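Descriptive structure summary
Here is what each chain is made of, one letter per residue.
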Amino acid sequence: MPDDERNERDNREDRVTPTQAQLRARRNRNIAIALALAAFVILLYLGSIMKLGPALFNRSM
Amino acid sequence: MALVEREHIDERPGPLSEATAGDFIALLKPRVMSLVVFTAFVGMLLAPASPHPFLAVIAMLAIAVGAGASGALNMWYDADIDRVMARTANRPVPRGRVAPGEALGFGLVLSVLSVMTLGLMANWLAASLLAFTIFFYVVVYTMWLKRSTPQNIVIGGAAGALPPMIGWAAVAGTVTVESLVLFLIIFLWTPPHFWALALFKSGDYARAGIPMMPNVAGERHTKRQIFAYSLAVAVSGVLPAALGFASLAYGVLAAALGGAFVWYAWRVLRLEDGDRAMRPAKALFGFSLVYLFAIFAALLVDGLASLLGA
């Protein structure tokens, strides 16, 4: 049996095909992580500006 | 030389996760978190400082997430006993929705992020208190005291009592007698609240092998302890008025609520030992939740009134 064909067969055996429920759950988790991360970045960005005050933007170019 | 051990190559991959974002939110113990947020907010409002509202909101979120993270770490460590208790068997880890390693990673990441965020956006005293709360709840209470002594919830109760102090410290940058009184109210409230639950759930705790007071020292002793702590709760409730950082109206209300607490505890003390219905214990457990909410709501209204009046 040629090596390529054997590798292909081995790879197929190792793969796990996700069920529809698993795919839905993964998508749900991905969206939640994306939203949480975006909210965290925005909070930290705005919080930093508030913490440092308006003088933050007051500097010579 | 093989770079990967054969046994690892032969291991079948585990089933793919079907956990949703909701399962991870359940790991944060949202109901406990809501009480933490509420008491921390009262601590913030009573503190003698006026923070930027947006920074106060971020500090609240950080405290809430820190509390949730300690809940996730608790569920990771306690999955074995949660599985055998009816009250906790439906939690995401014992149900198999979330793998223990996922709960551990989730809790650790959120712990670090919440402490860092509170430190950067408020101050490092508040962040240190939050880090200590997480450590105390997870390591001291969950890993050590919970399974080894009937005083578990007495000492462990400190973790649940710290949020108003953290809220106060986040705004004022200090720990004062006033914030210690807020701590004391929740600290003294915790034993009668949990022992009332332990009285009518003693079978659950016995199955899980947790040495709660009724299982170790017996029901009679527990009822006496509940009553003694209830007296201390009633006294601690009026301390804010006695020390002058709450109004007389608050003091009167707190005294009435404290009197009711003692009355519920008295009914538990008078409960016959053979009574399995445990209605007075269930009533005390329910009222204890109302009591804590009412005391902190009264402090909140009182604080708002003095802010608007000032």
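Cut-offs applied
Residues numbered from 1 in each chain as written. Chains lettered and ligands numbered in written order. Predicted model: local features only at pLDDT ≥ 70, side-chain atom pairs only at ≥ 80, totals over all residues. Helix = DSSP H or I, 4+ residues; strand = E, 2+ residues; numbered from the N terminus. Buried ≥ 20, exposed ≤ 12 C-beta atoms within 10 Å, placed from the backbone. Rg over C-alpha atoms; globule rule 2.2 N^0.38 Å. Contact = placed C-beta atoms within 7 Å. Nonpolar A, V, L, I, M, F, W, Y, C, P; charged D, E, K, R; others polar. pLDDT = per-residue confidence, 0-100. Domains from an automatic or database assignment. Core = buried A, V, L, I, M, F, W, Y, C linked by C-beta atoms within 7 Å. Expected span 1.5 Å × (residues − 1). Arc of directions from axis to C-beta. Axes fitted to C-alpha atoms, helices over the stretch in contact; angles between N-to-C directions. Parallel < 35°, antiparallel > 145°, perpendicular 65-115°, else oblique. Left-handed = near helix turned anticlockwise from the far one by under 90°.

Quick word on the overall build of chain A
Helices and strands together make up the secondary structure of chain A, namely two helices and zero strands. In chain A, buried positions account for 3% of the 61 residues.

Notes on the overall build of chain B
Counting its secondary structure elements, chain B contains 16 helices and zero strands. The C-alpha atoms of chain B give a radius of gyration of 21 Å, which matches the 19 Å a tight globule of 310 residues would have. Each principal axis of the C-alpha distribution contributes one length, and for chain B these read about 80 × 55 × 30 Å. The buried share of chain B, reckoned over its 310 residues, is 48%.

What to know about the interface of chain A and chain B
On the chain B side, the residues contacting the 13 residues of chain A number 12 residues. By residue class, the composition of the side of chain A that touches chain B is eight nonpolar, three polar and two charged.

Details of the environment of B:F187
Residues and elements named next belong to chain B. Turning to its location among the elements, F187 is positioned in helix α11 (residues 177-200). Residue F187 is classed as buried on the basis of its 21 C-beta neighbours within 10 Å. For the pair formed by F187 and F24, sequence separation is 163 residues and the distance between their alpha carbons is 28 Å.

Digging into the confidence of the model for chain B
Low pLDDT means the predicted atomic positions in that stretch should not be read closely. All names here are of chain B. Taken over all residues, the pLDDT of chain B has a mean of 92, while the share at 70 or more is 95%. A low-confidence stretch, residues 1-13 (pLDDT under 50), is modelled with two contacts involving residues beyond four sequence positions or located in other chains. Reported for the predicted complex are a pTM of 0.88 and an ipTM of 0.79.

Regarding unusual backbone geometry
With phi around 50°, B:K29 is a residue other than glycine that occupies positive phi space. In this structure, B:K29 sits in the loop between α2 (21-27) and α3 (30-46).

Brief notes about the domain arrangement of chain B
Residue and element names in this part refer to chain B. What the domain assignment reports for chain B is domain 1 (21-173) and domain 2 (176-310). For domain 1 and domain 2, the distance between their C-alpha centroids amounts to 21 Å. Contacts between domain 1 and domain 2 engage 26 residues on the former and 25 residues on the latter. When residues of the side of domain 1 that touches domain 2 are traced back to their parent elements, those giving at least two are α3, α9 (152-161) and α10 (163-172). Of the residues in the side of domain 1 that touches domain 2, the class split is 18 nonpolar, five polar and three charged.

Section: the nonpolar core
Residue and element names in this part refer to chain B. Ranked by internal contacts, the top residues of the largest apolar core, which has 101 residues, are A59, I63, A72, L118, A126 and I166. Two domains each put at least three residues into this core: domain 1 (21-173) and domain 2 (176-310). Discounting chain neighbours no more than four positions away, the residues touching A59 are L118, M121, A122, A126 and A170.

Brief notes about helix α15 (residues 248-269) of chain B
Residues and elements named next belong to chain B. When the terminal C-alpha atoms of α15 are compared, their 31 Å separation across 22 residues agrees well with the 32 Å that a helix rising 1.5 Å per residue should span. Buried within α15 are the following residues: Y250, L253, A254, L257, G258, F261, Y264, A265 and V268. For α15, the angular spread of buried residues about the axis comes to 135°, placing them on one side. Looking at α15, the residues exposed on the side facing more than 90 degrees away from the buried face are L248 and G259. In this fold, the buried residues of α15 make contact with α11, α14 (219-242) and α16 (279-309).

Examining the packing of helix α8 (residues 124-145) of chain B against α9(B)
Residue and element names in this part refer to chain B. Running from N to C, α8 and α9 point in directions that differ by 165°, and their axes come no closer than 8 Å. Viewed along their axes, α8 and α9 adopt a mutual orientation that is roughly antiparallel. Viewed along their axes, α8 and α9 form a crossing whose handedness is left-handed. From α8, T133, F136, Y137, V140, Y141 and L145 reach across to α9, where they touch N152, I155, G156, A158 and A159. Of the residues contributing to the contact of α8 with α9, the split by class is eight nonpolar, three polar and no charged.

Things to note about helix α4 (residues 53-77) of chain B
Count 3.6 residues to each turn of an α-helix, and residues three or four apart come out pointing the same way. With 25 residues, α4(B) extends 36 Å from end C-alpha to end C-alpha; this agrees with the ideal 36 Å at 1.5 Å per step. By the criterion of burial, α4(B) is predominantly enclosed, with 19 of the 25 residues buried.

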